[in-house]
Amino acid sequence: MNQPARLAVFLSGNGSNAEQIFSHFTNYPTITVALVLSNNPGAFGLQRAQKFNIQTKAFNKNQFYESGVVLNWLKEEQITHIVLAGFLWMIPQSLIQAYPKHIINIHPALLPKFGGKGMYGSKVHAGVKAAGETKTGITIHEVNEKYDEGKIIFQARCEVLPEDTPDSIAKKVQALEHSHYPVEIERWVKQ
Ligand code: GRF
């Protein structure tokens, strides 16, 4: 399908993946990042979006889970696909029903291992290290009503060496994220 797509990116913090996505789709003919949304008004990722002249909005729990304000913003902006890039809140049913198979997430490990509630950020890499894994990586997946359990779209792997620390693992995984997430989003949108 090559219909024009309008993406909304949700983030909660730093937004380094989001920035790679903004950059990848700058001047891209059929895919536009139209809106960047956050539960955290102070998220650095919102500043990154503003540098790319992308509209940003922050929201609270009520606007996300109760009143439907966030869903209305998505409709107003004619958003076709939702990209989660370091977004820490659970996605409400209403959003999943409005965008079935049109929400994508990235997880910094090889799901189904090291996923689920509470598994985010450095906790994931600490878990990988503690379990003595020799490989870790990234998982890009569709989002359904369960944490980290949607259809897996893509995985990439890297080695975990005995001398690796959670921090050094995080760096390797982040490099994989930055190089793969934008192109995998592109492929997913165009499928
Ligand atoms: C990434 O590791 C991603 O896999 C996870 O959250 C982190 C976000 O990092 N979902 P950043 O905000 O993109 O720098």
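Just above, that's the structure.
Residues numbered from 1 in each chain as written. Predicted model: local features only at pLDDT ≥ 70, side-chain atom pairs only at ≥ 80, totals over all residues. Heavy atoms only, no water.

Novice: Explain unusual backbone geometry residue by residue, including any values.
Specialist: Geometrically, the link from Leu111 to Pro112 is a cis peptide bond, its omega value of 10° lying close to zero. By the secondary structure assignment, Pro112 is in the loop between β5 (103–107) and α6 (122–130). With phi around 60°, Asn53 is a residue other than glycine that occupies positive phi space. As for its placement among the helices and strands, Asn53 is situated in the loop between α2 (44–51) and β3 (55–58). What makes Asn53 exposed here is its relative accessible area of 72%. Phi at Phe114 takes a positive value of approximately 55°, unusual for a residue other than glycine. Summarising the element assignment, Phe114 is placed in the loop between β5 and α6. (Helix = DSSP H or I, 4+ residues; strand = E, 2+ residues; numbered from the N terminus. Buried < 20%, exposed > 50% of the residue type's maximum accessible area, 1.4 Å probe, protein only.)

Novice: Could you give me a rundown of the site of the ligand, with the residues and numbers involved?
Specialist: All residues in the neighbourhood of the ligand are listed as Asn14, Gly15, Ser16, Asn17, Gly86, Ile106, His107, Pro108 and Glu177. Backbone polar atom of Asn17 to an oxygen atom of the ligand: 2.8 Å apart, as the coordinates give it. Those elements giving two or more residues to the shell around the ligand turn out to be α1 (16–25) and β5. A class-by-class count of the residues in the shell around the ligand yields two nonpolar, six polar and one charged. (Near = heavy atom within 4 Å. Polar contact = N/O pair within 3.5 Å; in protein donor to acceptor, adjacent residues only side chain to side chain. Nonpolar A, V, L, I, M, F, W, Y, C, P; charged D, E, K, R; others polar.)

Novice: Outline the packing of aromatic side chains, supporting the account with residue identities and numerical values.
Specialist: According to the stated counting rule, one finds twelve aromatic pairs in the structure shown. With centroids separated by 5.7 Å and ring planes inclined at 85°, the aromatic side chains of Phe64 and Phe87 adopt a geometry described as edge-to-face. Taken together, the positions of Phe64 in helix α3 (residues 61–66) and Phe87 in the loop between β4 (81–84) and α5 (93–98) put the pair 23 residues apart, joining distant regions of the chain. Considered together, Phe64 and Phe87 belong to a single accessibility category, that of buried residues. Here a set of aromatic residues connected by ring pairs shows up, and it is made of Phe10, Phe59, Phe64, Tyr65, Phe87 and Trp89. One Lys or Arg, Lys57, reaches over the ring of Trp73 and ends 4.9 Å from the middle of that ring. (Phe/Tyr/Trp six-rings, centres within 6.5 Å; stacked < 30°, edge-to-face > 60°. Lys NZ or Arg CZ within 6 Å of the ring centre and 35° of its normal.)

Novice: Explain the environment of Asp167 to me, using residue names and the numbers behind them.
Specialist: Structurally, Asp167 is set in helix α7 (residues 166–190). By relative accessible area, Asp167 is classed as exposed at 57%. Note: C-alpha distance between Asp167 and Ser122 (45 residues apart in sequence) is 7.5 Å.

Novice: So, the pairing of strand β6 (residues 135–142): which residues are in play, and what are the values?
Specialist: For β6, a buried count of seven out of eight residues is recorded, marking the element as mostly surrounded by other parts of the structure. Judged from the four bridges that link them, β5 and β6 form a sheet pairing that is antiparallel. Each residue of the ladder has a partner; that of Ile104, found in β6, is Glu142. The pairing of β6 with strand β7 (residues 152–159) spans seven bridges and is antiparallel. Directly across from Ile140, in β7, lies its bridge partner Phe154. (Pairing = 2+ DSSP bridges.)

Novice: Go over α1, please, and point to the residues and values.
Specialist: Residues of α1 that are buried include every one of Ser16, Asn17, Ala18, Ile21, Phe22 and Phe25, and no others. Residue Asn27 follows α1 closely and has a positive phi angle near 60°.

Novice: A description of the sheet that holds β6 should follow, citing residues and the corresponding values.
Specialist: Spatial strand order, β3-β2-β1-β4-β5-β6-β7: seven strands in an open sheet with mixed pairing. Strand pairing shows two members of the sheet lacking a second neighbour, β3 and β7, which therefore form its edges. Averaged over all pairs of adjacent strands, the angle between strand axes in this sheet comes to 20°, irrespective of strand direction. The sheet contact formed by strand β1 (residues 5–11) and strand β2 (residues 31–38) spans seven bridges and is parallel. Across the sheet, Arg6 pairs through a bridge with Thr32, a residue of β2. Contacting β1, β2, β4, β5, β6 and β7, α7 runs over the sheet at an angle of about 30° to β6. (Axes fitted to C-alpha atoms, helices over the stretch in contact; angles between N-to-C directions. Contact = heavy atoms within 4.5 Å.)

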